[in-house]
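# Coordinate analysis (summary)
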Amino acid sequence: MNRRRAPRRISHSQRRDAPAGGGGGGWRTRTEEQWRGPGKSQVIEEDTDERHGDEAVPRGTCQTMCPARELRDRQLQSRLHRFEVSAGTEGDRRPKGDPLRVVKEYSRPAAGKDLTNPADLRPAAVLLKTVCYLVDDIVASPHLHPWTEAYSFAFDRLRGVKQDMIIQRVSGSTCVAILERTVRFLIYASYRLCGEPLRLYDPRINDTHLQENLSWLLDCYGAGAGPHANQDELQALGLLYNLGSARATQHVMGLPSRLRSSPAITLALSINRAFLERNPVRLLRLARRLNFLQSCALHRHLVTCGRDLLLIYSHGFSSRNCRFPLDEVAQLLSLDASLAARLCQAHGVAVNRDNQLVFSKAAFTEPEHGKLHCKLYHGIVAERQRGLGVGNLIHGSA
């Protein structure tokens, strides 16, 4: 007897959390799943802890960035990345790998594949050296172009590092040092590669891995093995990146008062409060006090913030005879006049010949999806990078 499956019922809470219009750009459409709660960092795709729950935790013995067996196999299969090839062998039928540049690839768990062989696992100290190599010689290199390729290479190899950490259950200060650099790298990439084609950079994948690493890092901070010199910086970055998240706000409010009163976290909390109160003018003024990496974490919220400012003004100054100076709105938005005019016109706010705005609540419109990008605000963020090297930024020594 055939039974037809009953249609799946959608609860009210599920409807409420669904992104409006599929764009995902509203202030209130961000789901709480973006912020993993304590303990959720253990549930990730590379998780191998369950398999070894009743066994001794394996300890790696590989003292190089790539195990000798993998180097040999990838060399025979011509699977070396151009960043890993020995100089002078690039044109060979099978280029040779440079042992000082080849880095272990991320390997998907599969049936019959043994990921616990100590000879293929790198100890914690080697993993940290590998991360430092990826930052200094790949990500921060002025000679490796395009940067999207450097990002893709580093992203994959950092996944391999995380896989080795999970299998060996690495913890302590070395684990924190690796995760801090990974989180900074992914936050910086979310700004630098914003607007790139999906074939070169997928913001959703970057966001997923950023949230997983950030959650794991916050769990390490909460384990009480500190003190951690950079904790206030990373806690603030996490809140700025997840602006408006109730879980992120609750997490920061639960920190010890000594930590919560640090300048970085105090400023992040003030910006988050302005976001929750839908006060874009105050948010944008506070945002001017952020450093470069903090601005990278915040930048994805700026277009929505500007949209809300124009919506409020379209209601407050809606009149046929009312004119508002474009320069004043541009100053509030921290944009030059041409970019501010572009933002206004995209939302249906008319700009007359005298560079004055004509607000009308009836004329306010939402721009087409993809027509207005947060790259509009990249000039503001880029100004704060002057004199800062990418390597120093990711290492936390900027």
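That block above? That's the structure.
Analysis parameters
One numbering rule holds for all chains: residues counted from 1, following each sequence as written. Note on the predicted model: pLDDT of at least 70 is required for a residue's local features to be given, and 80 or more for side-chain atom pairs to be given and counted; whole-chain, interface and lining totals, by contrast, use all residues. Side-chain measures here rest on the full set of heavy atoms in the structure, leaving out hydrogens and waters. For helices the rule is a DSSP run of H or I covering at least 4 residues; for strands it is a run of E covering at least 2, with both sets numbered from the N terminus onward. Exposure classes here rest on a 1.4 Å probe applied to the protein chains alone. A residue is buried below 20% of its type maximum, exposed above 50%, and partly exposed in between. In this description, contact between two residues means that some pair of their heavy atoms is separated by no more than 4.5 Å. Pairs of strands are assigned from DSSP output, requiring at least two bridges between the strands. As used here, the term nonpolar core means buried Ala, Val, Leu, Ile, Met, Phe, Trp, Tyr and Cys residues forming a set that is joined through side-chain atoms within 4.5 Å. Each aromatic pair joins two rings of Phe, Tyr and Trp (for Trp, the six-membered one) with centres within 6.5 Å, and gets the label stacked for planes under 30 degrees apart, edge-to-face for over 60, and tilted for any other angle. Along the arc lie the directions from the helix axis toward the C-beta atoms. Lines fitted to the C-alpha atoms define the axes, with helices restricted to the stretch that makes contact. Angles between their N-to-C directions range from 0 to 180 degrees. For this classification, under 35 degrees means roughly parallel, over 145 means roughly antiparallel, 65 to 115 means roughly perpendicular, and everything else is oblique. Less than a right angle of anticlockwise turn of the near helix away from the far helix marks a crossing as left-handed, whereas a clockwise turn marks it as right-handed. Note on residue categories: nonpolar means Ala, Val, Leu, Ile, Met, Phe, Trp, Tyr, Cys or Pro, charged means Asp, Glu, Lys or Arg, and polar means any other residue, Gly included. What counts as a disulfide here is a pair of cysteine sulfur atoms lying within 2.5 Å. We define a salt bridge as a side-chain nitrogen of Lys or Arg found within 4 Å of a carboxyl oxygen belonging to Asp or Glu.

### Comments concerning the overall build of the protein chain
- The secondary structure content of the protein chain amounts to 17 helices and 3 strands.
- By residue count, 47% of the 398 residues in the protein chain fall in the buried class.
- By sequence separation, contacts in the protein chain at least 24 residues apart represent 74% of the contacts at least 6 residues apart.

### Regarding the sheet that holds strand S1 (residues 324–325)
- Read across the open sheet, the 3 strands follow the order S1-S3-S2; overall the sheet is antiparallel. In this open sheet, the two edge strands, each paired with only one partner strand, are S1 and strand S2 (350–351).
- Across 2 bridges, S1 lies against strand S3 (residues 356–358) in antiparallel orientation. Across the sheet, the residue bridging to Pro325 is Gln356, located in S3.

### Things to note about the nonpolar core
- Of all hydrophobic cores here, the largest spans 102 residues; its most connected members are Trp147, Met165, Phe185, Tyr188, Ile271, Leu333 and Tyr377.
- The dominant element in this core, judged by the number of residues it contributes, is helix H5 (residues 173–192), at 11 residues.
- Once residues lying within four places of it in the same chain are set aside, the contact partners of Met165 are Leu127, Val170, Cys175, Ile178, Leu179 and Trp216.
- One finds Cys66, Leu71, Leu80 and Val102 within the second-largest nonpolar core, a separate group that totals 5 residues.

### Details of the packing of aromatic side chains
- Enumeration over the complete set of coordinates arrives at 16 aromatic pairs.
- Between Trp147 and Phe185, the aromatic rings sit 6.4 Å apart at their centres with planes inclined by 55°, giving tilted as the arrangement. Here Phe185 lies in helix H5 and Trp147 lies in helix H4 (residues 147–168), a separation of 38 residues in the sequence. Of the two residues, Trp147 and Phe185, neither departs from the other in class, the shared state being buried.

### Focus on the side chain of Thr148
- In this structure, Thr148 sits in helix H4.
- Leave out the neighbours within four places in its chain, and Thr148 touches Leu193, Glu196 and Leu200.

### Notes on the environment of Tyr201
- Checked against the element boundaries, Tyr201 lands in the loop between H5 and helix H6 (203–222).
- A residue is classified by how much of its surface remains accessible, and Tyr201, at 3% relative accessible area, is buried.
- Sequence-wise, Tyr201 and Thr148 are 53 residues apart; in three dimensions their C-alpha atoms are separated by 7.2 Å.

### Brief notes about helix H14 (residues 326–333)
- Every buried residue of H14 is accounted for by Leu326, Val329, Ala330, Leu332 and Leu333. Take H14 and look down its axis: the buried residues cluster within an arc of 160°, on one side only. For H14, exposure combined with an orientation more than 90 degrees from the buried face picks out Asp327 and Gln331.
- Looking one or two residues past H14, Ser334 carries a phi angle of roughly 60°, positive in sign.

### Overview of the environment of Arg282
- Along the chain, the position of Arg282 falls in helix H11 (residues 280–287).
- Judged by its relative accessible area of 40%, Arg282 falls in the partly exposed class.
- Separated by 50 residues in the primary sequence, Arg282 and Leu332 have C-alpha atoms spaced 9.3 Å apart.
- Setting aside residues up to four positions removed in sequence, Arg282 forms contacts with Ser270 and Ala274.

### Focus: the packing of H6 against helix H7 (residues 231–241)
- Interhelical geometry of H6 versus H7 gives an angle of 140° and a closest axis separation of 11 Å. On the basis of the axis angle, H6 is oblique to H7. Of the two possible hands of crossing, H6 and H7 adopt the one that is left-handed. Along its contact with H6, which presents Asp207, Leu210, Gln211, Leu214, Leu217, Leu218 and Tyr221, the element H7 presents Gln231, Leu234, Gln235, Gly238 and Tyr241.
- Looking at the contact of H6 with H7 residue by residue, the classes come out as 7 nonpolar, 4 polar and 1 charged.

### With respect to the state of the cysteines
- Under the criterion given, the structure shown has 0 disulfides.
- There is no disulfide at Cys62, and the cysteine sulfur nearest it, in Cys66, is 7.2 Å away.
- The buried category is assigned to Cys62, whose relative accessible area is 7%.

### Brief notes about the pattern of salt bridges
- Summed over all chains, the structure comprises 18 salt bridges.
- The partner of Arg307 in a salt bridge is Glu366, with the nearest N and O atoms 2.4 Å apart. Of this pair, Arg307 sits in helix H13 (residues 302–316) while Glu366 sits in the loop between S3 and helix H16 (378–383), and the two are 59 residues apart along the sequence.
- The class of Glu366 is partly exposed, set by a relative accessible area of 46%.
- Here the salt bridges share partners, and the residues they tie into one network are Glu70, Arg74, Arg79, Glu84, Glu105, Asp156 and Arg157.

### Brief notes about H11
- Counting buried residues along H11, 6 of its 8 residues qualify, which places the element largely inside the surrounding structure.
- Among the residues making up H11, those that are buried are Pro280, Val281, Leu283, Leu284, Leu286 and Ala287.
- Close packing links the buried residues of H11 with helix H10 (263–276), helix H12 (292–298), H13 and H14.

### What to know about unusual backbone geometry
- Between His145 and the following residue, Pro146, the backbone shows a cis peptide bond with an omega angle of -5°.
- Inspection of the secondary structure assignment puts Pro146 in the loop between helix H3 (124–139) and H4.
- In this structure, Ser78 is a non-glycine residue whose phi angle is positive, near 55°.
- Position of Ser78 relative to the elements: it lies in the loop between helix H2 (68–76) and H3.

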